[in-house]
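Here is what each chain is made of, one letter per residue.
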Amino acid sequence: MGAGAYGGFNFHNVQRIKGEDFKEKIENNLNFNDLIYGVSGYISLPRVLTLYAKADLSPLFKNQSYLQNNISLGIRLDID
């Protein structure tokens, strides 16, 4: 079992869109927060599998109309 906290910085973000009507569209100002932080944890059965979860406590966008946070869940299988 394990639990922890994390933090990080968003230095650069870009969105690239390609379509049939246009060659490529690049958007640079996406209004993301510069500071990212949250909590994470895992439960492991040694040499079998690990269940993990991560929750961002910081909002995703700077000026959002309602609160949105990322939550990630996953399973890792240990294959030796």
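Quick note: structure is the one above.
The shown structure was predicted, so the numbers you read here are calculated from the model rather than taken from an experiment.

Draft legend 1. The arrangement of the environment of N70 in detail. By the element assignment, N70 lies in the loop between strand 5 (49-56) and strand 6 (71-77). A residue is classified by how much of its surface remains accessible, and N70, at 35% relative accessible area, is partly exposed. Note: C-alpha distance between N70 and Q15 (55 residues apart in sequence) is 18 Å. Each residue touching N70, except ones within four places of it in the same chain, is listed here: K54, A55, D56 and L60.

Draft legend 2. Geometry of unusual backbone geometry. The phi angle at R47 is positive, at roughly 65°, despite the residue not being glycine. Here R47 is to be found in the loop between strand 4 (35-45) and strand 5.

Draft legend 3. Quick look at the packing of aromatic side chains. Scanning the model with the defined rule gives one aromatic pair in all. Relative to F11, the ring of F9 lies with its centre 6.2 Å away and its plane at 35°, an arrangement referred to as tilted.

Draft legend 4. Highlighting a nonpolar patch on the surface. A contiguous nonpolar surface patch, about 740 Å² in accessible area, is contributed by M1, I43, L51, I75, L77 and I79. Along the chain, I75 falls in strand 6.

Draft legend 5. Here's a closer look at the sheet that holds strand 5. What the four strands build is an open sheet, ordered 1-4-5-6; its pairing is antiparallel. At either margin of the open sheet sits one strand with a lone partner, and together these are strand 1 (2-9) and strand 6. Strand-to-strand twist across the sheet, computed as the mean angle between neighbouring axes with direction ignored, equals 20°. Inspection of the sheet shows strand 1 paired to strand 4 by eight bridges, in the antiparallel sense. In the strand pairing of strand 4, Y6 is matched with G38.

Cut-offs and rules
- Residues numbered from 1 in each chain as written.
- Predicted model: local features only at pLDDT ≥ 70, side-chain atom pairs only at ≥ 80, totals over all residues.
- Heavy atoms only, no water.
- Helix = DSSP H or I, 4+ residues; strand = E, 2+ residues; numbered from the N terminus.
- Buried < 20%, exposed > 50% of the residue type's maximum accessible area, 1.4 Å probe, protein only.
- Contact = heavy atoms within 4.5 Å.
- Phe/Tyr/Trp six-rings, centres within 6.5 Å; stacked < 30°, edge-to-face > 60°.
- Patch = residues over 30% accessible without salt bridge, like charges linked within 9 Å, V, L, I, M, F, W, Y side chains within 5 Å.
- Areas by Shrake-Rupley, 256 points an atom, 1.4 Å probe, with all protein chains shown as cover.
- Salt bridge = Lys/Arg side-chain N within 4 Å of Asp/Glu carboxyl O.
- Pairing = 2+ DSSP bridges.
- Axes fitted to C-alpha atoms, helices over the stretch in contact; angles between N-to-C directions.

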